[in-house]
Amino acid sequence: MASTDTLLAFALAALLFAYMPGPALLYTAAQTISRGRNAGFWAAFGIHLGCYVHVFAAAFGLSAIFVAVPTLYAALKLVGGLYLIWLGFQMIRTRVAGGEADVVLPQKTARRSFLDSVLVEVLNPKVALFFVAFLPQFVAPEGSLPIWLQFIILGTAVNFTFTSADLLVVMFASTIKQRLARSSRWQELTRWVGGTMLVGLGVKLAADRG
């Protein structure tokens, strides 16, 4: 593995990227504000598992395909953006029974929230490019561990760091929702805010040329 100084720089960089406001944090916030704390936790868990697809793809060189074939990158980005937009409209249309921030989601709803989040993460090629650009800076080619294994170890550490930020956002957003849960008007507003956030993220992902 890399030296202690390199690993320290890696940890600081991972924390900076994790806690910088971005699409994943906004997504978990939108899920929590609209559907409650449990939905936020399921969303964070889904994003966490979906991220491993990109970690392993980077470890075995598959993510480099997006660099070599820009059309594939653009197509997947468009699909991911449209899926987020669809989720946003679904969120606006769907009411959560009970209106409480800590409402227990039905098994089907919880499973759907989880699967939606896995797909959202997998269909975001920017995550793949992030790992391709970020992880090699901290890999030690001369180290005792194979490079692919170093990728997986470092990628897993990054993933857990990002998830810690997602969970903090879930707790913060659920606190806000609890204070507003007594008002049916505010419940309606939170659904619209959450759905609009997802639509906005989808439009940004689909239209972004980067």
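Note: the structure precedes this text.
These notes cover the structure that comes with them.

Focus: the overall build of the protein
Stage number 1. Along its length, the protein carries 9 helices and 0 strands.
Stage number 2. Ordered by position in the sequence, the α and β elements of the protein form the string α-α-α-α-α-α-α-α-α.
Stage number 3. In the protein, which comprises 210 residues, the share counted as buried stands at 45%.
Stage number 4. When contacts within the protein are restricted to residue pairs at least 6 apart in sequence, those whose partners lie at least 24 apart make up 85%.
Stage number 5. When the accessible surface of the protein is summed, it comes to about 10900 Å², and 71% of that surface belongs to carbon and sulfur atoms.

Thoughts on the packing of helix H5 (residues 70-93) against helix H7 (residues 125-134)
Stage number 1. Close contact between H5 and H7 brings their axes to 9 Å; oriented N to C, the two are set at 130°. Relative to H7, the element H5 lies oblique. Touching Tyr73, Leu76 and Lys77 of H5 are Pro125, Lys126 and Leu129, all from H7.
Stage number 2. Partitioned by chemical class, the residues of the contact of H5 with H7 number 4 nonpolar, no polar and 2 charged.

Overview of the packing of helix H2 (residues 23-35) against helix H3 (residues 37-59)
Stage number 1. Contact geometry of H2 with H3 gives a least axis separation of 7 Å together with a crossing angle of 150°. Between H2 and H3, the angle is such that the two are roughly antiparallel. In the crossing of H2 with H3, the sense of the turn from one axis to the other is right-handed. Residues Ala24, Tyr27, Thr28, Gln31, Thr32 and Arg35 of H2 pack against Arg37, Ala39, Gly40, Ala43, Ala44 and Ile47 of H3.
Stage number 2. In terms of residue class, the contact of H2 with H3 is built from 6 nonpolar, 4 polar and 2 charged.

Section: the side chain of Asp166
Stage number 1. Structurally, Asp166 can be placed in helix H8 (residues 147-180).
Stage number 2. Summary of buried charges: Asp166 has no salt-bridge partner, and the nearest side chain of opposite charge, Arg35, is 15 Å away.
Stage number 3. In contact with Asp166, not counting residues within four places along its chain, are Ala24, Leu25, Thr28, Ala44 and Ile47.

So, the pattern of salt bridges
Stage number 1. Inspection of every chain in the model, using the stated rule, returns 1 salt bridge.
Stage number 2. Asp116 serves as the salt-bridge partner of Arg112, at 2.9 Å between the closest nitrogen and oxygen. Residue Arg112 and its partner Asp116 are located together in helix H6 (residues 107-122), separated by 4 residues, close to a single helical turn.

The rules we used
Residues numbered from 1 in each chain as written. Predicted model: local features only at pLDDT ≥ 70, side-chain atom pairs only at ≥ 80, totals over all residues. Heavy atoms only, no water. Helix = DSSP H or I, 4+ residues; strand = E, 2+ residues; numbered from the N terminus. Buried < 20%, exposed > 50% of the residue type's maximum accessible area, 1.4 Å probe, protein only. Contact = heavy atoms within 4.5 Å. Areas by Shrake-Rupley, 256 points an atom, 1.4 Å probe, with all protein chains shown as cover. Axes fitted to C-alpha atoms, helices over the stretch in contact; angles between N-to-C directions. Parallel < 35°, antiparallel > 145°, perpendicular 65-115°, else oblique. Nonpolar A, V, L, I, M, F, W, Y, C, P; charged D, E, K, R; others polar. Left-handed = near helix turned anticlockwise from the far one by under 90°. Lys, Arg positive; Asp, Glu negative; His and termini not counted. Salt bridge = Lys/Arg side-chain N within 4 Å of Asp/Glu carboxyl O.

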